[in-house]
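Okay, here's what each chain looks like letter by letter:
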Amino acid sequence: MIPCQPPAGHTGTMTAPLFDRRLLRQRRTRAVTTRDGHDFLIGEAAIRLAERVGEARRHFAMAVELGSRTGVLARHLPMQTIGRLVQTDLSHAMVAAAG
């Protein structure tokens with residue numbers, strides 16, 4: 001954490017954000033149009049994670065995917081083991097591409 005100046009009247013300790021979310025959102029939005037062939041590592045990780053979820057001998061009532069990008073993990077997950085999948089991403093364009 002990076003210390004920063006607290007606003008007037010604030011008595012607690014404050015820290016600056018570690019990541020520039022606005023910049024990250026811009027980069028992820030730009031990546032929607034250029035992702036073909038460049039997200040192979042994400043795809044491979046999604047396949048491997050989905051295999052492990054499928055091997056778990058239990059049902060998950062809910063799963064949350066933070067930073068879902070274009071929904072590649074959801075396309076590989078064995079949905080019979082997951083009741084509800086919630087996908088989120090900083091970029092609205094990424095969420096729209098996930099369908």
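Every value quoted in this text rests on a predicted model; they were computed, and no experiment measured them.

The final tally for this structure, using the stated rule, is two salt bridges. Here Arg-28 makes a salt bridge to Asp-89, at a shortest N to O gap of 2.6 Å. Linking Arg-28 in helix 1 (residues 21-33) with Asp-89 in the loop between strand 4 (82-88) and helix 4 (92-98), this pair joins segments that are 61 residues apart in sequence. One exposure class covers both Arg-28 and Asp-89, and it is buried. We note a salt bridge from Arg-48 to Glu-44, for which the minimum N-O separation is 2.9 Å. In this pair, Arg-48 and Glu-44 are both assigned in helix 2 (residues 40-55), four residues apart and thus about one turn of the helix distant.

Attention now goes to helix 2. With 16 residues, helix 2 should reach 22 Å at 1.5 Å per residue; the first-to-last C-alpha distance of 23 Å fits that figure. Turning to helix 2, its buried residues are Gly-43, Ala-46, Ala-50 and Val-53. Looking straight down helix 2, one finds that the buried residues subtend no more than 90 degrees of arc, so they occupy a single side. More than 90 degrees from the buried face of helix 2, the exposed residues found are Phe-40, Leu-41, Arg-52 and Glu-55.

Attention now moves to the confidence of the model for the protein. Overall, the prediction assigns the protein a mean pLDDT of 84, with 83% of residues at 70 or greater. Ranking the elements of the protein by mean pLDDT puts strand 1 (residues 2-3) last, at 52, and strand 3 (residues 60-66) first, at 93.

Cut-offs applied
- Residues numbered from 1 in each chain as written.
- Predicted model: local features only at pLDDT ≥ 70, side-chain atom pairs only at ≥ 80, totals over all residues.
- Heavy atoms only, no water.
- Salt bridge = Lys/Arg side-chain N within 4 Å of Asp/Glu carboxyl O.
- Helix = DSSP H or I, 4+ residues; strand = E, 2+ residues; numbered from the N terminus.
- Buried < 20%, exposed > 50% of the residue type's maximum accessible area, 1.4 Å probe, protein only.
- Expected span 1.5 Å × (residues − 1).
- Arc of directions from axis to C-beta.
- pLDDT = per-residue confidence, 0-100.

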